[in-house]
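# Fold and geometry: a report
Here's the letter readout for the chains.
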Amino acid sequence: QVQVVESGGGLVQAGGSLRLSCAASGSISRINVMGWYRQAPGKQRELVGTITSGGSTNYADSVKGRFTISRDNAKNTVYLQMNNLKPEDTAVYYCKASRAVFTYWGQGTQVTVSS
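Quantities reported herein were computed from a predicted structural model and do not represent experimental measurements. (Residues numbered from 1 in each chain as written. Predicted model: local features only at pLDDT ≥ 70, side-chain atom pairs only at ≥ 80, totals over all residues. Heavy atoms only, no water.)

### Examining the sheet that holds strand β1 (residues 2-7)
Within a beta sheet, neighbouring strands are joined by backbone hydrogen bonds and run either parallel or antiparallel to one another. Taken in spatial order, the four strands make up an open sheet running β1-β3-β8-β7, and their pairing is antiparallel. Strands at the two margins of the open sheet, each flanked by one partner only, are β1 and β7 (67-72). Strand-to-strand twist of the sheet, defined as the mean angle between neighbouring strand axes without regard to direction, takes the value 15°. (Pairing = 2+ DSSP bridges. Helix = DSSP H or I, 4+ residues; strand = E, 2+ residues; numbered from the N terminus. Axes fitted to C-alpha atoms, helices over the stretch in contact; angles between N-to-C directions.)

### Quick look at the state of the cysteines
Chemically, a disulfide is nothing more than a covalent bond linking the sulfur atoms of two cysteines. Taken as a whole and judged by the stated rule, the model has one disulfide. Paired by a disulfide, C22 and C95 hold their sulfur atoms 2.0 Å apart. Classification of the bridge connecting C22 and C95 rests on its S-S torsion, roughly -80°, and on that basis the disulfide is left-handed. In this pair, C22 sits in strand β3 (residues 18-26) while C95 sits in strand β9 (residues 91-99), placing the two residues 73 residues apart along the sequence. Of the two residues, C22 and C95, both sit in the buried class. (Disulfide = S-S within 2.5 Å. Buried < 20%, exposed > 50% of the residue type's maximum accessible area, 1.4 Å probe, protein only.)

### Observations regarding the nonpolar core
Judged by nonpolar contacts, the single largest core of 29 residues is most densely connected at M34, W36, F67, L80, M82 and Y93. Mapped by element, the contributors of at least two residues to this core are β1, β3, β4 (33-39), β5 (46-52), β7, β8 (77-82), β9 and β11 (109-114). When near neighbours in sequence (up to four residues on either side) are disregarded, Y93 contacts E6, L20, W36, Y37, R38, V48, F67, L80, M82, G108, T109 and V111. (Core = buried A, V, L, I, M, F, W, Y, C linked by side-chain atoms within 4.5 Å. Contact = heavy atoms within 4.5 Å.)

### Some points on the environment of M82
If you trace the backbone, M82 turns up in strand β8. Each C-alpha atom of the pair M82 and A40 lies 16 Å from the other, and the pair is 42 residues apart in sequence.

### Some remarks on the packing of aromatic side chains
Under the definition given, this model contains two aromatic pairs. Pairing Y37 with W105 gives two aromatic rings, centres 5.0 Å apart and planes at 65°, and the pair type is edge-to-face. Residue Y37 is found in strand β4, and its partner W105 is found in strand β10 (residues 102-105); the two are separated by 68 residues along the sequence. Relative accessible area serves as the criterion here: at 36%, W105 is assigned to the partly exposed category. Ring geometry for Y94 versus W105: centroids 6.4 Å apart, planes at 85°, classification edge-to-face. Of the two residues, Y94 is situated in strand β9 and W105 in strand β10; the sequence distance between them amounts to 11 residues. An aromatic cluster is present here, built from Y37, Y94 and W105 joined pairwise through their rings. Here R45 stacks its cationic end above the ring of Y94, 3.7 Å away from the centre of that ring. The ring centre of W105 lies 4.6 Å from the NZ or CZ of R45, which sits over that ring. (Phe/Tyr/Trp six-rings, centres within 6.5 Å; stacked < 30°, edge-to-face > 60°. Lys NZ or Arg CZ within 6 Å of the ring centre and 35° of its normal.)

Here it is in structure tokens:
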């Protein structure tokens, strides 16, 4: 079993920055991909980006050049650095850990960007 906990959300003005954290605990040794997703009100959950155990990253086109995913293996933590935030980035942001055929979601953290 893997537990995933997000933190770092909040309210920020357009153009500002936030850094989200995703801490994983439990049976994390075979986690191969961790990803960030978001869900805005009335919309489906969408992929923001992923990072593999080897550090390879992938981003949605809407956040490329503004968001960066990194990981600290010693702390079992993945980060989402969000710069130049826009009102359309407002959503609940979720972290997902993937291990073999299993996926584990966090409870989400709210990010609100005011114009």
